[in-house]
Amino acid sequence: MKPITTITNTTIPIMKENIDTDQLIPKQFLKNILKTGYGKDLFYDWRYLPGGKANPDFELNKPERKGASILITGDNFGCGSSREHAVWALKDFGIEVVIAGSYSDIFYMNSTKNGLLAIALPADERKILAEISANEKITVNLPDQVVQCRDKSFHFEIDPLWKHKFVNGLDDIAITFGYEKQIEDYEAHMPSFN
Amino acid sequence: MSQTMFDKIWNTHVIAGEPGNPQLMYVDLQLLHEVTSPQAFEGLRENNRKVRRPDRNFATMDHNVPTVDIFNIKDAISRKQIDTLGKNAKEFGVRLAGMGSEDQGIVHVIGPQLGLTQPGMIIVCGDSHTATHGAFGSIAFGIGTSEVEHVLATQTIWQTKPKTMGIHVHGKLPRGVFSKDIIMGIIAREGVAFGTGYAVEFYGDTIRNMSMEERMTICNMSIEGGAKMGSIQPDQVTYDYISGRKYAPKQMDKAIEYWKQFSTDDEAAFDRVIDFDVSSLAPFVSWGTNPGMSVPIDKAFPEIKNNDDEKAYEYIGLKPGETAEEIPIRFAFFGSCTNGRLSDLKVAASALKGRHIAEGVTALVVPGSREIKNKAEELGLDKIFKDAGCEWREPGCSACLGMNPDRVPVGVHCASTSNRNFEGRQGAGARTHLASPAMVAAAAIHGHFIDIRKEAI
């Protein structure tokens, strides 16, 4: 995983509540056996018109949003299906940070495994971020846990363990292998009914 | 200090870490399917890692399986996913209920059916409906593919302990009202995110009087209210269900003695308690595009309160003030990990016996597993469904999510026993209306929903 410290970029606002993972990446695109290549199908049903043409009214398709990597959105983001493909699609499209009101538990855990920084901010602060112009940049500073926008600075919370992983780009499995002795001890004391 | 069942199970699985921080938890059982596992196995291969405990993992194919002829997979990518799981299971030594196996079925149906799902366990699967297994008094939750890989490699998972919520469900269910209506009613009242950050436990006399299959329906849809874990304390009903199954403990008495410790001391142990009286509950039908957007059959659809409501009405092609009796049903789906078990099929068959579905309605009946299909056929249910004009299919996830050829056509209203009414879930443009198997059967017969409390079924 690539370490993340500070990200400065433009934003894409999609201010809808309860965006589920079926909307982030519909099921017809889950058949791949790779982790990449999902970006073109992100928000497929909202992003493309029947027949496959890009919907010009959808934020992701607006030329002025091209290259933006910070998604501003509503509450309960990533609810529904556990598909990690939703996170892979956001990453593959180029999204580095999501700023929502809240997240589904499963989506949040998936984001921590893939270096997608998922930040929760209250509605009034997100409203400010959603209303800045398309060419204006904001800065997400992970070590200091702040989002900076113009002269304003919004603090966000993150679990110290996830922060440590993000900042250092660590692999979970390698970390857990360090606990092999404890795992073996645990297994030695498990009840057996066979 | 008093503890919940959840606290007790959690505490017996901690390997490292302190409460309040992510803790390293032992996983007793991981279930795998073809959609969320290929990248996990690939990750192991890339890093030259093996499956730590093949005996604590069990795989099957369900999402992509065609239900007319399971071996005739026309979609090359679906076939590749299924073949890939077959190869991965073989290479890494994981048990597999493969294509055509007697044990094959929807992953959340076969876990309990095979006796793999047991009280006091931590059970994970790369699928959000893993909450189903909580009905046995376990901690069961859906995980992403990276976590699947982590569990394969280490048989553990890092988790932060959630808060606990007790849902006290009490009262006698009125005739024509089922466990599906209870969970839909709770979500309609509390919203689709009320359980986020919580492990939910359902308890009360209504729950005690339920069969395991009814309990599974309730726990299955916990995730639709945001709770990734929903559980029920194990009791004699649970033990009787497990006893004698293929992978049930050989020493059942010893196991039951151990499982008995997993009970909630008192309500004060929960961080939050909510109360749900079912004695005057009505059958529920969803009108919108998330499972919280549903109403009792005798109530009109709500006014538009926000953009989400407006968008939902636009997608579903209905208006505020209309009722479920006015929805023109042209498709009916019986099946899924929510309502694809034998008792669900029995309820639907008893409603359809000697009747015929309305003209212009397509109805698919998809058993949750091969064993359920065989049992249903022994009881002659297949004949009842076919005589009523339904299609009797092979087991699988089918039209619950449309990853296989079973889809609801664009703009068509489908009465469905499944769990999600998201936009496009059952097929692009499909309009899903969630309800209990009895309600879906009645809707198929009449071409629209009816209040089944008023009709003898």
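The residue count restarts for each chain, going from 1 along the sequence in the order it is written. Here the convention is simple: chains get letters from A, ligands get numbers from 1, in the order in which they are written. With the structure being a predicted model, the display of local features is reserved for residues of pLDDT at least 70 and the display and counting of side-chain atom pairs for 80 or more, all residues being used for whole-chain, interface and lining totals. Note: side-chain values were computed over all heavy atoms of the structure, leaving out hydrogens and water.

Once that is clear, we can look at the UniProt feature "domain: Aconitase A/isopropylmalate dehydratase small subunit swivel" (unreviewed entry) in chain A. UniProt positions are given in the numbering used here, feature names are shortened, and annotations may be inferred rather than shown by experiment. The UniProt feature table records "domain: Aconitase A/isopropylmalate dehydratase small subunit swivel" (unreviewed entry) at residues 1-122 of chain A. For the purposes of this entry, the term helix denotes a DSSP run of H or I that reaches at least four residues, the term strand denotes a run of E that reaches at least two, and both are numbered from the N terminus. Taken end to end, residues 1-122 of chain A comprises 21% helix and 16% strand; its first and last C-alpha atoms sit 28 Å apart.

For the rest of this paragraph, the subject is the interface of chain A and chain B. Residues count as neighbours in contact if any of their non-hydrogen atoms are within 4.5 Å of one another. Between chain A and chain B, the contact holds 53 residues from the first and 73 residues from the second. Carbon and sulfur atoms supply 57% of the area buried between chain A and chain B, which totals about 5,000 Å² over both sides. Accessible surface is computed with a 1.4 Å probe, and the buried area is the amount of it that two parts give up when combined, taken over both parts together. Its largest share of buried area at the contact with chain B, chain A owes to K31, I33 and F193 of chain A, together 16% of the area lost on that side. Pairing of N or O atoms within 3.5 Å defines a polar contact, subject to two protein rules: one partner must be a possible hydrogen donor and the other a possible acceptor, and residues neighboring in sequence count only if both atoms are side-chain atoms. Summed over the shared surface of chain A and chain B, the number is 33 residue pairs in polar contact (both at pLDDT 80 or more). Mapped onto the side of chain A that touches chain B, the elements with two or more residues apiece are α1 (21-24), α3 (85-93), α4 (105-113), α6 (160-168), α7 (172-177) and α8 (180-188) of chain A.

A few words on the environment of Q155 of chain B. All names here are of chain B. Of note, Q155 is situated in the loop between α5 (145-154) and β8 (156-159). Taking the C-alpha atoms as reference points, Q155 and Q30, 125 residues apart in sequence, are found 8.3 Å from one another. Look past the residues within four positions of Q155 in its chain and what remains in contact with it is M25, Y26, V27, D28, L29, R52, R53, R56, N57 and H150.

What follows deals with the domain arrangement of chain B. Residue and element names in this part refer to chain B. One can read the domain layout of chain B as domain 1 (5-275) and domain 2 (285-454). Segment limits for the domains were obtained from an automatic or database-derived domain assignment. Inter-centroid distance (C-alpha atoms) of domain 1 to domain 2 is 24 Å. Of the residues lining the interface, 41 residues belong to domain 1; the matching set on domain 2 comes to 45 residues. Between domain 1 and domain 2 the total buried area reaches about 3,300 Å² when both faces are included, carbon and sulfur atoms providing 57% of it. Per-residue buried area on domain 1 facing domain 2 is highest for T67, I106 and K180; these three make up 19% of the total on that side. A pairing counts as a salt bridge when a side-chain nitrogen of Lys or Arg comes within 4 Å of a carboxyl oxygen of Asp or Glu. On inspection of domain 1 and its partner domain 2, the count reaches one salt bridge. Measuring nitrogen to oxygen at the nearest pair gives 3.0 Å for the salt bridge that ties R420 to E224. The interface formed by domain 1 and domain 2 contains 22 residue pairs in polar contact (both at pLDDT 80 or more).

Residue burial is assigned from relative accessible area. The probe radius is 1.4 Å, only protein chains are included, and a residue is buried under 20% of its type maximum, exposed over 50%, and partly exposed in between. Among all positions of helix α13 (residues 342-352) of chain B, only L342, D344, L345, A348, A349, A351 and L352 of chain B are buried. Note on α13 of chain B: the residue one or two positions beyond its end, G354 of chain B, has a positive phi of about 75 degrees.

Moving on, we get to the pairing of strand β4 (residues 97-100) of chain A. Residue and element names in this part refer to chain A. Residues V97 and I99 of β4 are buried on one face, and the alternating residues V98 and A100, pointing to the opposite face, are buried as well. For crossovers, right-handed means that the path from the first strand over the helix to the second runs clockwise, given strands pointing away from the viewer. This β-α-β element, strand β3 (residues 70-73) to α3 to β4, shows right-handed connectivity. A pair of strands is considered paired only if DSSP assigns at least 2 bridges between the two. Taken together, the four bridges between β4 and strand β5 (residues 117-120) define a ladder with parallel strand orientation. Pairing of V98 across the sheet is with A118, part of β5. Running through α4, the crossover from β4 to the neighbouring parallel element β5 is right-handed.

Taken as a whole and judged by the stated rule, the model has 40 salt bridges over all chains. In this structure, the salt-bridge partner of D171 of chain A is R49 of chain B, at a minimum N-O distance of 3.4 Å. Placement of D171 of chain A in the loop between α6 and α7 and of R49 of chain B in the loop between α2 (38-46) and β4 (57-60) is noted, with the two residues assigned to different chains. A relative accessible area of 15% places R49 of chain B in the buried class. When salt bridges that share partners are traced, they join E180 and E187 of chain A together with R52, R53 and D55 of chain B into one network.

With that settled, consider the sheet that holds strand β9 (residues 163-170) of chain B. Residue and element names in this part refer to chain B. Taking strand neighbours across the sheet as the criterion, the four strands line up as β11-β10-β9-β12 in an open arrangement whose pairing is parallel. Only two strands of the sheet have a single partner each, and these edge strands are β11 (229-231) and β12 (272-277). With direction set aside, neighbouring strand axes in the sheet form an average angle of 20 degrees. Pairing between β9 and strand β10 (residues 198-203): six bridges, direction parallel. For every element, the axis is a line fit to its C-alpha atoms; helices are fit only across the contacting stretch, and the angle between N-to-C directions ranges from 0 to 180 degrees.

Attention shifts here to the sheet that holds strand β7 (residues 146-149) of chain A. All names here are of chain A. Reading across the sheet, the four strands line up as β1-β6-β7-β8 and stay open at both edges, with antiparallel pairing between neighbours. Of all the strands in the sheet, just β1 (6-9) and β8 (152-155) have a single pairing partner and so form its edges. The mean inter-strand angle of the sheet, taken between neighbouring strand axes irrespective of direction, is 15 degrees. With four bridges connecting them, β7 and β8 associate as antiparallel partners. Note on β8: the bridge partner recorded for C149 is K152. This element, helix α5 (residues 123-131), spans β6 (138-141), β7 and β8 of the sheet and lies at about 135 degrees to β8.

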